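Structural characterization, general
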Amino acid sequence: MAELYKLTIAEAGDLLRQKKISSVELTRAHLERIRALDDKVKAFTLVTDDLAMKQAQEADLHFQRGDAVSPLTGIPIAIKDVICTRGITTTCGSNMLKNFKPPFDATVMERLNAIGAVMVGKTNMDEFAMGSSTEHSAFFPTHNPWDLERAPGGSSGGSAAAVAAGMAMGSYGSDTGGSIRQPAALCNVVGLKPTYGRVSRFGLVAFASSLDQIGPFARSARDAAILLQAVAGPDSRDSTSSYKPVPDYSAALKGNIKGMRIGVPEEYWVEGTQPGVVAAVRQDIEKLRELGAEVSEVSLPHTKYGVSAYYIIAPAEASANLARYDGVKYGYSYRDTDDMWEALEQTREHGFGQEVKRRIMLGTYALSSGYYDAYYKQAEKVRALITQDFDRAFERFDVLASPATPSVAFRLGEISDPYEMYLQDVFTIPANLAGICGISIPGGFSNGLPVGLQLLGNIFAEDVILRVADAFERVTDYHKQWPEALAYA
Amino acid sequence: MIDRETVKNVAKLARLGMSEEEITVFGDQLSVILQNIAILQEADVSGVSPTSHASRLTNVMREDIPQPSYAPELLLANAPAQEDNCLKVRAVLEGEA
């Protein structure tokens, strides 16, 4: 048998149910992997060893008794530190919430706990999910397992790196403008952003509420299907969660994509995209054609406005959402004054990092009197146009294929200009604005660094993009590659 | 594009304390960002209604079912200051007029 940490969730699930391995063994293998590597990778803000071993023992009891189990029962997973875990520190990568212990579980945590998944830890992220490198974590940056001097992407960089390095079998992150798909691309793992409303946001610390979605990271499309299945579905505590029935995602992985209509958006090959990325993804699209898909070009004419609309809308929503951090109810609190306003301003000055302040400023400016129509309202109209682009494209196509990011993993510290960092998400942002689903899957390498193939699907077409992703994986082995950099770490 | 006065005014609206150095840095950075996203003004949005959400849902209704709430002690466990099961805040209405 391969080393336990190299198994996929689907493989490990079979072995667990056949009682050939135990969850305790599986969990211990991942905790050992964390102990051996996380000093270098720094994917975790908190490792929950004791809890994980307790959950693994409970899972093993279920297997021994022959209870009905879920495909995630006994499987070690990691959780981005933006998802509330009852009684377990949830920092959001911020000094503001450094010591915050939520009094409740997020809905996704309730569901994962109910089916006996094992949590090995909370993962590092850009502060309040604002960033594309994890360098905006208030604590430390995460390192890309493929090259420890490079960034894993962000904001869910810790969740991506943990799965890429075999420190967790799967993980969850959140995606507001690309925060799942971009780090997945840079770390050679599968990352899925579900349709807005497919997964409950209750207990997800809010960044931009009209864009945020929780989704999984995995080392195969099949595992991503299992992880999504476990958390998808309506929740009375999130009024934007959808009551549309959740399909059986694993059953959708039929392997055959003959006749599937795949559109290639011509605007997603912009100047500045690295030639190595372009070459790899062009080759990936040829593979899809060889599998029998009908591939042709499509135009999404408003794509060029995506980043601009996003950097008005997301900061505007963030400036309102982050108004709650006042040093009164929870979180960091400046105590060295009797003046209420001074306490409020000092709490926010010292509690927030630079990128968060930048976005609060940008959002407040865009919403302020005299600028609202020119910026916020204009951005909301452009958002409607971008949504219409997709609506039209999905009349003719089942899936849209493109690069997930314009470049492979960049060096830590390499991108210092805030706007340049924002351009990391140029291909991922439009899906959030339109609320559609998207997945990034391993699509090859450029100079030894991973390239992500992005597949976008219509609203609630997660089954369709997973099916294409799985079919692609059956004829490629990119997703089976392990980062060699770790062997010498 | 964004001068120091504007930065200070926006920081005040956001209740964000800011050092002199930050006022300069944010002024420069916000100017660059706003220049880059100025392309937004070129989009032809005539006849387009603004979209504020991506859920494509109309209002969702559900029964209002009373449920037990959290214990005050639990909700106050993260509070920096409390008294008699209440959040303790600094005086709001006292002090200089």
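As the structure is a prediction and not an experimental result, all values here were calculated from the model.

Turning our eyes to something else, we now look at the sheet that holds strand β11 (residues 449–457) of chain A. Where strands meet in a sheet, backbone hydrogen bonds hold them as pairs that are either parallel or antiparallel. Residue and element names in this part refer to chain A. In space, the 11 strands of this open sheet follow the order β1-β3-β2-β4-β6-β5-β10-β11-β9-β7-β8, with mixed pairing throughout. Every other strand in the sheet has two partners, leaving β1 (44–47) and β8 (294–298) as the edge strands with one partner each. In this sheet, neighbouring strand axes are inclined to one another by 30° on average, regardless of whether the strands run parallel or antiparallel. One ladder, built from 5 bridges, connects strand β9 (residues 399–403) with β11; its direction is antiparallel. Considered in β11, the bridge of V399 is made with G457. Its contacts with the sheet put helix α2 (residues 23–41) on β1, β2 (76–80) and β3 (118–123), and the angle it makes with β3 is roughly 20°.

A few words now on the interface of chain B and chain A. On the chain A side, the residues contacting the 44 residues of chain B number 56 residues. For the side of chain B that touches chain A, the secondary-structure elements that each account for two or more residues are α1 (4–13), α2 (20–36) and α3 (72–76) of chain B. Each residue belonging to the side of chain B that touches chain A can be placed in one class, and the counts come to 30 nonpolar, 10 polar and 4 charged.

Looking now at the nonpolar core. With 164 residues, the main nonpolar core has I77(A), I83(A), V190(A), A309(A), I312(A) and A469(A) as its most contacted residues. No other element matches helix α9 (residues 306–321) of chain A, which puts 9 residues into this core. Residue contacts for I312(A): discarding those within four places in its chain leaves A366(A), Y375(A), Y376(A), A379(A) and I37(B).

All names here are of chain A. Helix α15 (residues 462–474) packs onto helix α7 (residues 221–231) with a crossing angle of 155° between their chain directions and a minimal axis gap of 8 Å. It follows that α7 is roughly antiparallel to α15 by the angle criterion. Each of A221, R222, A224, A225 and L228 in α7 lies in contact with α15, whose residues at this interface are E462, L466, A469, D470 and E473. For the contact of α7 with α15, a count of residues per class yields 6 nonpolar, no polar and 4 charged.

Moving on: the confidence of the model for chain B. Model confidence for chain B is summarised by a mean pLDDT of 89, while 92% of its residues fall at 70 or above. Here the predicted complex scores 0.97 on pTM and 0.93 on ipTM.

Next up on the list: α2(B). In this model α2(B) runs 25 Å from its N-terminal to its C-terminal C-alpha over 17 residues, within 8% of the 24 Å that 1.5 Å per residue would give. Burial in α2(B) covers these residues: F26(B), L30(B), I33(B) and L34(B). An end-on view of α2(B) places all buried positions within 90° of arc, on one side of the element. For α2(B), the exposed residues lying more than 90 degrees away from the buried face are E20(B), E21(B) and Q35(B). Those residues of α2(B) that are buried are in contact with α9, α11 (354–367) and α13 (418–422) of chain A together with α1 of chain B.

Cut-offs and rules
- Residues numbered from 1 in each chain as written.
- Chains lettered and ligands numbered in written order.
- Predicted model: local features only at pLDDT ≥ 70, side-chain atom pairs only at ≥ 80, totals over all residues.
- Pairing = 2+ DSSP bridges.
- Helix = DSSP H or I, 4+ residues; strand = E, 2+ residues; numbered from the N terminus.
- Axes fitted to C-alpha atoms, helices over the stretch in contact; angles between N-to-C directions.
- Contact = placed C-beta atoms within 7 Å.
- Nonpolar A, V, L, I, M, F, W, Y, C, P; charged D, E, K, R; others polar.
- Core = buried A, V, L, I, M, F, W, Y, C linked by C-beta atoms within 7 Å.
- Buried ≥ 20, exposed ≤ 12 C-beta atoms within 10 Å, placed from the backbone.
- Parallel < 35°, antiparallel > 145°, perpendicular 65-115°, else oblique.
- pLDDT = per-residue confidence, 0-100.
- Expected span 1.5 Å × (residues − 1).
- Arc of directions from axis to C-beta.

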